[in-house]
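Observations on chain architecture
So the chains spell out like this:
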Amino acid sequence: MHIAIAVNENSLKAIIPDTFEDAKGLLIIETDTMDVIDYITDKDWVEEMVRYDCEALICGDMYDAHTFDAIAFAMISRYNGMGYSARKATKKMMDYELELIRDYVGGTGCGNHGSPANCAEHNHDEED
């Protein structure tokens, strides 16, 4: 399986920054072999994750609503691995030990910004 990891250098030893936006690049890795497939430094990361058919992204907190929504729309799961090395975060993800990022910082928490009525887990203010 291919996954993407937001880091600052082309290495599995790279530490995942506190926020997705602070990362300088994306490692694309094959989890079966832990081989680095690519290191992407341009900022069209969503398109590259889709091109590589990534099933997950490991990163820090996400603040950009547009980017978060694009990644979620592409059906790429997001996991919080801030502070871990890319290698350790991948192992923790595979062992179901990383927290799922359900929304960008400041969002509703359910990732369903267009239709609050479809979000059963949260109480949203409805217009009268």
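What counts as what
- Residues numbered from 1 in each chain as written.
- Predicted model: local features only at pLDDT ≥ 70, side-chain atom pairs only at ≥ 80, totals over all residues.
- Heavy atoms only, no water.
- Core = buried A, V, L, I, M, F, W, Y, C linked by side-chain atoms within 4.5 Å.
- Buried < 20%, exposed > 50% of the residue type's maximum accessible area, 1.4 Å probe, protein only.
- Helix = DSSP H or I, 4+ residues; strand = E, 2+ residues; numbered from the N terminus.
- Contact = heavy atoms within 4.5 Å.
- Pairing = 2+ DSSP bridges.
- Patch = residues over 30% accessible without salt bridge, like charges linked within 9 Å, V, L, I, M, F, W, Y side chains within 5 Å.
- Areas by Shrake-Rupley, 256 points an atom, 1.4 Å probe, with all protein chains shown as cover.
- Salt bridge = Lys/Arg side-chain N within 4 Å of Asp/Glu carboxyl O.
- Lys, Arg positive; Asp, Glu negative; His and termini not counted.
- Charge placed at Lys NZ, Arg CZ, Asp CG, Glu CD.
- Polar contact = N/O pair within 3.5 Å; in protein donor to acceptor, adjacent residues only side chain to side chain.

Things to note about the nonpolar core
With 20 residues, the main nonpolar core has Phe 20, Leu 26, Met 49, Leu 57, Met 62 and Ile 71 as its most contacted residues. Going through the elements one at a time, β1 (2–7), β2 (25–30), α1 (45–51), β4 (56–59) and α2 (65–73) are the ones with two or more residues in this core. For this core, the element with the most residues is α1, which contributes 3 residues. Those residues within four positions of Met 49 in sequence are excluded, and the remaining contacts are Ala 4, Leu 26, Cys 54, Leu 57, Ile 71 and Ile 76. Of all hydrophobic cores here, the second largest spans 15 residues; its members include Val 7, Ala 14, Ala 56 and Ile 58.

Let's talk about the sheet that holds β1
Across the sheet, 6 strands lie side by side as β3-β2-β1-β4-β5-β6; this open sheet has mixed pairing. Since the sheet does not close on itself, it has two edges, and those belong to β3 (35–40) and β6 (99–100), each with one partner. Of the strand pairs in this sheet, β2 and β3 are connected by 5 bridges, and their pairing is antiparallel. In the strand pairing of β3, Glu 30 is matched with Asp 35.

Things to note about a negative patch on the surface
On the surface, Asp 18, Glu 21, Asp 22, Asp 64 and Asp 69 cluster together to form a negatively charged patch. Turning to its location among the elements, Asp 69 is positioned in helix α2.

A look at the side chain of Thr 19
By the secondary structure assignment, Thr 19 is in the loop between β1 and β2. Overall, the relative accessible area of 14% leaves Thr 19 in the buried class. For Thr 19, the side chain forms a polar contact with the side chain of Asp 22, separated by 3.0 Å.

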